[in-house]
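A look at the structure
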Amino acid sequence: MRDHGELSACAIAREVNAGRLTAREAAADALARIARDDTGLRAFTALWPREAAEHAAAVDRRVREGHRLPLAGVPLGVKGTEGPDSFQSARLIAAGCVPVGATSTPGPGTRWQTWGATDRGVTLNPHDPRWSPGGSSAGSAVAVAAGMVPLATGSDGAGSVRIPAAWCGVIGLKPTNGLVPARDRAGLNIAGPLARHAADAAVYLDALTGTTTASRALAAPARPLRTAWSPDLGFAATRPDIAERARTFLHDLSRAGATEPVDVPVLLVDPAACWRSLRGHAPADAERVARTRAALARALDRVFAEVDLLATPTTPNAPHGHDGPGDTLSVALTWAFNISGHPAISIPAGLTPDGEPVGLHLVARRGREADLLSVAAAAENPGHAVARGAGDVADARGTAALGQSFAPMVLRAATRKSLTAS
């Protein structure tokens, strides 16, 4: 059996739609990779071989009938708290995805949600088993980073897609609030993808929402996107080496022509009390919630009046150990945007000197997911960065640096083999 673990979701769909690969073969191959690699990572809590075979047969039948499905035959990891019948899963299955199993989420007994639990033990970070993968979409991020599946579902109520994406070195997108039905009464928890490639995340988003993000995101922008930088949003205690790694990567994106730095002050109110009140983790205080929401809206309106994007590190801290983050709030830089509703993405930004994965967190105006994914595409392929005239050339140092920063985050087959053998 051929191993298709290195193929992107878009490449698998092209092969299946062209009849060169069947969905049945792609699903069987993914299940074989999971059986081989997940022993050492614990990304999955359940596998669904029978259901996967049924979904794959349905995809193959539709392809033979002449249908062209945007995600034909793509093996999909499904966040364990959602299952295959959720809104998100149903939309992806309709687009041709084949769900192969449930991925881990945090278990009971901790106040933090940046970990995953299975009946075999905690989920391990594919970069170093001493570290947590983040959460709550823990297993989804690990399964994608380790190449077991090209796509996995996540949901993000405070950073639960973006944080594990950052700590596992993949792409994690939280769409604009309201673009898809929220998974909580407060309207904060938004479905979104974990992916290795920007194009895969764009097609996923289109399948989920019925939008045309892919065609817009994957076309080079006409100009660099004006971007403000903040290491802390005015209140977070960000570790200096994390901030330096994320800012260096943003600088490389600017030299490659994807972004343009703009000096805009970014001073947000700390959203912690507001978020906890909205989610029922603290006594309800409607007046305080309203004040915080209004203050966030005013501050972000001022920022986005000047720029297209706001950039921060995804987390103020590096991946913590399996004993938890201590007093650090890993969500400090992400949860404000669950309250404000802005779309946000984490893209791999490289490693600290100690080898810890870092994410660059980008926030856009509402409805501008295409801007986020365009920059993510430029990070993978610096030649994509901007549509240039014949005389315009990106700074070669920037494009080379992007390749060096992004490359360590892609766990190739040899790396996965050494990890799972350890």
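Scope of this entry: the structure provided in the associated data block.

What counts, and where the lines are drawn
Residues numbered from 1 in each chain as written. Predicted model: local features only at pLDDT ≥ 70, side-chain atom pairs only at ≥ 80, totals over all residues. Heavy atoms only, no water. Helix = DSSP H or I, 4+ residues; strand = E, 2+ residues; numbered from the N terminus. Buried < 20%, exposed > 50% of the residue type's maximum accessible area, 1.4 Å probe, protein only. Contact = heavy atoms within 4.5 Å. Areas by Shrake-Rupley, 256 points an atom, 1.4 Å probe, with all protein chains shown as cover. Expected span 1.5 Å × (residues − 1). Axes fitted to C-alpha atoms, helices over the stretch in contact; angles between N-to-C directions. Parallel < 35°, antiparallel > 145°, perpendicular 65-115°, else oblique. Core = buried A, V, L, I, M, F, W, Y, C linked by side-chain atoms within 4.5 Å. 1 Å grid on protein atoms, 1.4 Å probe; cavity = no way out; pocket = protein on both sides within 12 Å on 5 of 7 lines; lining within 4 Å. Points joined across faces, edges and corners; volume = space filled by probe spheres on them. Nonpolar A, V, L, I, M, F, W, Y, C, P; charged D, E, K, R; others polar.

1. Concerning the overall build of the protein
Each helix and strand counted, the protein has 15 helices and 13 strands in total. Across the 422 residues that make up the protein, the buried fraction comes to 60%. Here the analysis covers contacts within the protein between residues at least 6 apart in sequence; of these, 75% occur between residues at least 24 apart. For the protein, the accessible surface area stands at approximately 15900 Å², while carbon and sulfur atoms represent 53% of it.

2. Considerations on helix 7 (residues 198-209)
Helix length check: helix 7 (12 residues) gives 16 Å between terminal C-alpha atoms against 16 Å at 1.5 Å per residue, within 8%. Most of helix 7 is tucked away, with 11 of its 12 residues classed as buried.

3. Side note on the packing of helix 4 (residues 87-94) against helix 7
Following both chains from N to C, one finds helix 4 and helix 7 inclined at 110 degrees, their axes separated by 8 Å at the closest point. Compared by their axis directions, helix 4 and helix 7 come out roughly perpendicular. Two secondary-structure elements touch here, helix 4 through Phe87, Gln88, Arg91 and Leu92 and helix 7 through Tyr204, Ala207, Leu208 and Thr209.

4. Side note on the nonpolar core
Counting 89 residues, the largest nonpolar core has Leu71, Ile345, Ile347 and Leu360 as its most contacted members. The residues contacting Ile345, other than those within four sequence positions of it, are Arg162, Ile171, Gly172, Leu173, Leu360, His361, Leu362, Leu372, Leu373 and Ala376.

5. Re unusual backbone geometry
Cis geometry is found at the peptide bond from Gly135 to Ser136, where omega equals 15 degrees. Relative to the helices and strands, Ser136 resides in the loop between strand 5 (121-122) and helix 5 (138-145). In this structure, Arg42 takes a positive phi of about 65 degrees despite not being glycine. Mapped onto the elements, Arg42 comes out in the loop between helix 2 (23-37) and strand 1 (44-47). Positive phi, normally seen in glycine, also occurs at Leu233, with a value near 60 degrees. If you trace the backbone, Leu233 turns up in the loop between strand 9 (225-229) and helix 9 (240-255).

6. With respect to the environment of Thr81
Of note, Thr81 is situated in the loop between strand 2 (75-79) and helix 4. Given a relative accessible area of 47%, Thr81 falls into the partly exposed group. With 56 residues separating them in the primary sequence, Thr81 and Ser137 have C-alpha atoms 9.1 Å apart. Setting aside its immediate chain neighbours within four residues, Thr81 contacts Thr105 and Arg183.

7. Examining the layout of surface pockets
Estimates place the volume of the largest pocket at around 550 Å³. Around the largest pocket, the lining is made up of 27 residues, and of these Arg111, Gln113, Ala158, Trp275 and Val331 lie nearest the centre. Of the residues contributing to the lining of the largest pocket, the split by class is 9 nonpolar, 14 polar and 4 charged.

Without other data, these values stay purely geometric and don't point to any function.
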